[in-house]
Amino acid sequence: MNLTEIAKKFRVSENFLNSKEDGLLIVQSSINDLISELNLGVIDENRKQSIITKLEKLSDFCKEVKNSSF
């Protein structure tokens, strides 16, 4: 899969995913968002599941970018 296909799959603007390094910046930003969400306080079961889902999707994104072609 190339980066354009990955951008479409994960709903990332193609302008933000021009290289594998850009993928790392997206992951870093996503991790910061998740940290902020975790710092909001009490985590109920729905929020916990939402965070787990986001982490799983982020993990898939990392794998796809790592294995991507240009």
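In this report, the structure presented in the accompanying data block is examined. In this text the structure is predicted, and so the values were computed from the model without any measurement.

Bringing the overall build of the chain into the picture now. The number of helices and strands found in the chain is three helices and zero strands. For the chain, the α and β elements follow one another from N to C terminus as α-α-α. Dimensions of the chain, computed from C-alpha atoms along their principal axes, come out at roughly 40 × 15 × 15 Å. Taken over 70 residues, the chain has a buried fraction of 24%. Sequence separation of 24 or more characterises 58% of the internal contacts of the chain that already satisfy a separation of 6 or more.

Peptide bonds are trans in most cases, and residues, glycine excluded, mostly fall at negative phi. Look at R11: it is not a glycine, yet its phi comes out positive at around 55°. By secondary structure assignment, the location of R11 is in the loop between α1 (3-9) and α2 (20-38). Judged by its relative accessible area of 78%, R11 falls in the exposed class.

Moving on: the packing of aromatic side chains. Counted by the stated rule, this structure contains one aromatic pair. Consider the rings of F10 and F61, whose centres lie 5.4 Å apart with planes at 85°: the pair is edge-to-face. Of the two residues, F10 is situated in the loop between α1 and α2 and F61 in helix α3 (residues 45-66); the sequence distance between them amounts to 51 residues. Each member of the pair, F10 as well as F61, is classed as buried.

Let us look at α2. The end-to-end C-alpha separation of α2 is 27 Å, in line with the 27 Å expected for 19 residues at 1.5 Å each. Where α2 is concerned, the buried positions are D22, G23, I26, V27, L34 and E37. The arc enclosing the buried residues of α2, seen along the axis, measures out at 145°, which places them on a common side. What points out from α2, more than 90 degrees from its buried face, is the exposed set E21, L24 and L25. Contacts made by the buried residues of α2 are with α3.

Quick notes on the rules
Residues numbered from 1 in each chain as written. Predicted model: local features only at pLDDT ≥ 70, side-chain atom pairs only at ≥ 80, totals over all residues. Heavy atoms only, no water. Helix = DSSP H or I, 4+ residues; strand = E, 2+ residues; numbered from the N terminus. Buried < 20%, exposed > 50% of the residue type's maximum accessible area, 1.4 Å probe, protein only. Contact = heavy atoms within 4.5 Å. Phe/Tyr/Trp six-rings, centres within 6.5 Å; stacked < 30°, edge-to-face > 60°. Expected span 1.5 Å × (residues − 1). Arc of directions from axis to C-beta.

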